[in-house]
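What follows is the residue order along each chain.
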Amino acid sequence: MRIFFLTHAFNSLNQRLFAELTRQGHQISVELDINDDVTREAVALYQPELIIAPILKRAIPADIWRNHLCLIVHPGIKGDRGPSSLDWALLEGEQRWGVTVLQAEAEIDAGAIWASREFPVVSDRKASVYRNELTEAAVEAVLAAVSRAERGDRRPEPLDYSRDDVRGGWRPAMRQADRAIDWQRDDTATVLRKILSADSQPGVLDRIAGIQAFIYDAHPEEGLSGEPGELLARRGNAVCRATADGAVWIGHLRPEDPEGGHPFKLPAAHVLHQVAGELSESAMPFWKSEDRTYQDIAYDEADGVGFLSFGFYNGAMGVAECERLLAAYRRALQRDTRVLVLLGGRDFWSNGIHLNRIEAANSPADEAWANIQAMNDLVRAILTTDDRLTVAAMRGNAGAGGVFLGLAADHVVARSGVVLNPHYKNMGNLYGSEYWTFSLPRKVGEATGRAVMAHRLPLLADEALEIGLVDELVGHSPEDTGAEVTRRAKEWAASEALPDCLTRKRQVLAEAEAEKPLDQYRSEELEGLRLNFYGFDPSFHVARYNFVHKVASSRTPLYLASHRRLRRQGANQKAGSIAQAG
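Not measured: the values here are computed from a predicted model. Counting restarts for each chain, with residues numbered from 1 along the sequence as it is written. Where local features are concerned, this predicted model is filtered to residues with pLDDT of at least 70; where side-chain atom pairs are given and counted, the filter is 80 or more; whole-chain, interface and lining totals use all residues. Values reported for side chains reflect all heavy atoms of the structure, with hydrogen atoms and water molecules removed beforehand.

Here we look at the packing of aromatic side chains
Line of reasoning, step 1. Centre distance within 6.5 Å is the pairing criterion for rings of Phe, Tyr and Trp, where only the six-membered ring of Trp is used; planes under 30 degrees apart are then read as stacked, over 60 as edge-to-face, and the remainder as tilted. Applying the stated criterion to the full structure yields 15 aromatic pairs.
Line of reasoning, step 2. With 5.7 Å between their ring centres and 90° between their planes, Phe 10 and Phe 18 make a pair best called edge-to-face.
Line of reasoning, step 3. Burial classes: relative accessible area under 20% of the type maximum marks a residue as buried, over 50% as exposed, and values in between as partly exposed (1.4 Å probe, protein chains only). On the basis of relative accessibility, which here comes to 17%, the residue Phe 10 falls in the buried class.
Line of reasoning, step 4. Taking relative accessible area as the criterion, Phe 18 reaches 7% and is therefore assigned buried.
Line of reasoning, step 5. Measuring from ring centre to ring centre gives 6.1 Å for Trp 249 and Tyr 294, while their planes differ by 40°; the resulting arrangement is tilted. Remark: Tyr 294 occurs in the loop between helix H8 (273–276) and strand S13 (297–302) and Trp 249 occurs in strand S11 (residues 247–255); sequence separation between them is 45 residues. Residue Trp 249 shares its accessibility class with Tyr 294, and that shared class is buried.
Line of reasoning, step 6. Grouped by ring-pair contacts, the aromatic residues Trp 369, Phe 533, Tyr 534 and Phe 540 constitute a single cluster.
Line of reasoning, step 7. As a reminder, the over-ring test applies to NZ of lysine and CZ of arginine, requiring each to be within 6 Å of the ring centre and within 35 degrees of the ring normal. Geometry around Phe 214 places Arg 254 over its ring, the cationic atom sitting 4.2 Å from the centre.
Line of reasoning, step 8. Above the face of the Tyr 216 ring, Lys 265 is positioned so that its terminal group lies 4.4 Å from the ring centre. Helix numbering and strand numbering both begin at the N terminus, where a helix is a DSSP run of H or I of at least 4 residues and a strand a DSSP run of E of at least 2.

So, the packing of helix H11 (residues 364–383) against helix H18 (residues 518–534)
Line of reasoning, step 1. Fitted lines through C-alpha atoms give the axes, limited to the stretch in contact for helices. The angle between two N-to-C directions lies from 0 to 180 degrees. Contact geometry for H11 and H18: axes closest at 11 Å, N-to-C directions at 160°. As far as their axial angle goes, H18 and H11 are roughly antiparallel. Here the hand of the crossing between H11 and H18 comes out right-handed. Within the contact between the two elements, H11 uses Ala 365, Asp 366, Ala 368, Trp 369, Ile 372, Gln 373, Asn 376, Asp 377, Arg 380 and Leu 383 and H18 uses Leu 518, Asp 519, Arg 522, Leu 526, Leu 529, Arg 530, Phe 533 and Tyr 534.
Line of reasoning, step 2. Classifying every residue of the contact of H11 with H18 gives 10 nonpolar, two polar and six charged. Roughly parallel means an angle under 35 degrees; roughly antiparallel, over 145; roughly perpendicular, 65 to 115; everything else is oblique. Take the far helix as the reference: if the near one is turned anticlockwise from it by less than a right angle, the crossing is left-handed, and if turned clockwise, right-handed. Contacts: residue pairs with any heavy atoms within 4.5 Å of one another. Following the grouping adopted for this structure description, the nonpolar residues are Ala, Val, Leu, Ile, Met, Phe, Trp, Tyr, Cys and Pro, the charged ones are Asp, Glu, Lys and Arg, and the polar ones are all others, Gly among them.

Thoughts on the sheet that holds strand S6 (residues 113–120)
Line of reasoning, step 1. The six strands lie next to each other as S2-S1-S3-S4-S5-S6, forming an open sheet whose pairing is mixed. Sheet topology places strand S2 (27–32) and S6 at the edges, where each strand pairs with a single neighbour. Here the strands of the sheet are splayed against their neighbours by 20° on average, with no regard to which way each runs.
Line of reasoning, step 2. Bridging between strand S1 (residues 2–7) and strand S3 (residues 50–53) involves three bridges; their strand directions are parallel. Bridging across to S3, Phe 5 finds its partner in Ile 52.
Line of reasoning, step 3. Packing of helix H1 (residues 12–23) onto the sheet brings it into contact with S1, S2 and S3, and relative to S1 it is tilted by some 180°.
Line of reasoning, step 4. Helix-sheet contacts for helix H5 (residues 126–151) involve S1, S3, strand S4 (70–74), strand S5 (96–103) and S6, and the interaxial angle to S6 is about 155°. We call two strands paired when DSSP finds no fewer than two bridges between them.

A closer look at the pairing of S1
Line of reasoning, step 1. Among the six residues that make up S1, five are buried, leaving the element largely enclosed by the rest of the structure.
Line of reasoning, step 2. Direction of pairing for S1 relative to S2: parallel, over a ladder of six bridges. By the bridge assignment, Arg 2 is partnered in S2 with Gln 27.
Line of reasoning, step 3. Read as a crossover between parallel neighbours, the route from S1 over H1 to S2 is right-handed. A right-handed crossover is one whose linking path, passing over the helix from the first strand to the second, runs clockwise when the strands point away from the viewer.

Let's talk about the pairing of S5
Line of reasoning, step 1. Extensive coverage of S5 is indicated by the burial of six of its eight residues.
Line of reasoning, step 2. Pairing of S4 with S5, which is carried by four bridges, proceeds in the antiparallel orientation. Paired with His 74 across the strands is Thr 100, a residue of S5.
Line of reasoning, step 3. Inspection of the sheet shows S5 paired to S6 by seven bridges, in the antiparallel sense. Pairing of Arg 96 across the sheet is with Pro 120, part of S6.

Quick look at the nonpolar core
Line of reasoning, step 1. Take the buried residues of types Ala, Val, Leu, Ile, Met, Phe, Trp, Tyr and Cys, join any two whose side-chain atoms come within 4.5 Å, and each joined set is a nonpolar core. In terms of nonpolar packing, the biggest core is built from 95 residues, with Val 239, Ile 250, Leu 253, Leu 308, Leu 440 and Phe 533 touching the most fellow members.
Line of reasoning, step 2. It is H11 that contributes the most residues to this core, 11 residues altogether.
Line of reasoning, step 3. Here Ile 250 is in contact with Trp 183, Ile 208, Ile 215, Tyr 216, Asp 217, Ala 238, Val 239, Arg 241 and Ala 268, once residues within four sequence places are set aside.
Line of reasoning, step 4. Val 73, Tyr 130, Ala 149 and Leu 560 belong to the second largest nonpolar core, which has 40 residues in total.

Points about the sheet that holds strand S15 (residues 339–343)
Line of reasoning, step 1. With mixed pairing, the six strands of this open sheet are ordered in space as S13-S14-S15-S17-S19-S22. The open sheet has two edge strands, S13 and strand S22 (472–473), and neither has a second partner.
Line of reasoning, step 2. Inspection of the sheet shows strand S14 (residues 305–310) paired to S15 by five bridges, in the parallel sense. Across the sheet, Phe 307 pairs through a bridge with Val 341, a residue of S15.
Line of reasoning, step 3. Contacts from helix H16 (residues 478–494) reach S13, S14, S15, strand S17 (389–394), strand S19 (411–414) and S22, with the element oriented near 160° to S15.

Below, the structure written as structure tokens:
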């Protein structure tokens, strides 16, 4: 079918749906919801058989939904209506939630139901539920709805609140007042529920150390307590704040008043730098803690296998994150293990360098340079580990340098449904580093490697497996993947064939180094990046600014909008014909 995506942003859900539907043979074109006239023009150009709106902030124009089948992907159970569906569900402690595919009509979220799926609420963090359970349910529901439309089954289920399976209702947009924190009375569970139900948007507005800011990225703390509302300690880039019965760690803040600051998310200790510097430092545990606490890097061990997990907020890895993970990696190498598994976070494996930290720096170019050097040091340490098998377990999505952080390991495992964006081009034609010019051709071959880096669209884990970018698909949820990788890693550690594999690994590394040293790959990549960071072309800096500040797009990129790409090609062909005739 010719399917048209109308969406506010090409986010992780859009990317997954785009890749899944394309893989099924459907033709997909995307238009970002800029204004009604642009939408009308795009629909007229593409003439779709079906319009899908995976994420919208405005109603579809009536003249479009009246003349085209338009399906809205609503993040709620049957009967649920309103713009803050998932927020309310998490704030109120719902144990099951769902996704409903509705036909667009005049009354918001009241259209006939084409498909719905429910799921257990595993996490209390909004962004994590959205990227995992909700996305999986949305994929199932959308594929079912598309299949119905393709078969010509145009008899959706009317919304009927008398039915037993219609459990939802209308809920208004959630206000900051609905989740305001009372630090004197709210216990830890309540504070966490309020913050996590707003993560990663819009956050909870609060006053902290004299600064009005939105709070994100909260974690429970069992070992510290104090006067409710008091800042107790600092750990890495997070600060600990007392609740009525304990404490929570706050990882990120976004100042409400950007005067003299930065109106985007940054690590809490960066925003509160003056106060944070006076707080006592609580050391980040190396071993996985048995208590509930903030620990973005943790090590565990069993049956000859080391498990080094890291879960950085939004997958961003600044200089500090890279250096801390490298230190933990080197410490893990001192342990007597035969296999070392790198477990990324539940939501993201890694998205590479920390664009927000770079944007906030006095010299973004210098910060970007330092960040890429720190990433390279980490990747090199993994690439050159020759005394044990290294495994990258991608439980969540990965992008740019984060993909090549994974490719540094001997064996790359990905969860089915993970979306990879190996290219750097969408960030101002960034050249990229992380030894991708060494790892990628060795993994997929020269020709496929060039195609991967030129391809600006998301790549499903299934597709990555087919081209050899990943070695194995394991599990359908982050938890399944972790459990299965643990089981297999123990088998590999016990295998009698492992010593021979490691001998071969050392030989291959030595041969590769003799042919072209790793340092040469790094130097050549950095020359390309030097032009991105310090050259005359400002594309990287402009793209980074727009990304970090969430500047609304004025047009849809042509790699997404095939309807506009075809029109441009037609115009170019017409101009060429006129020129030849002249």
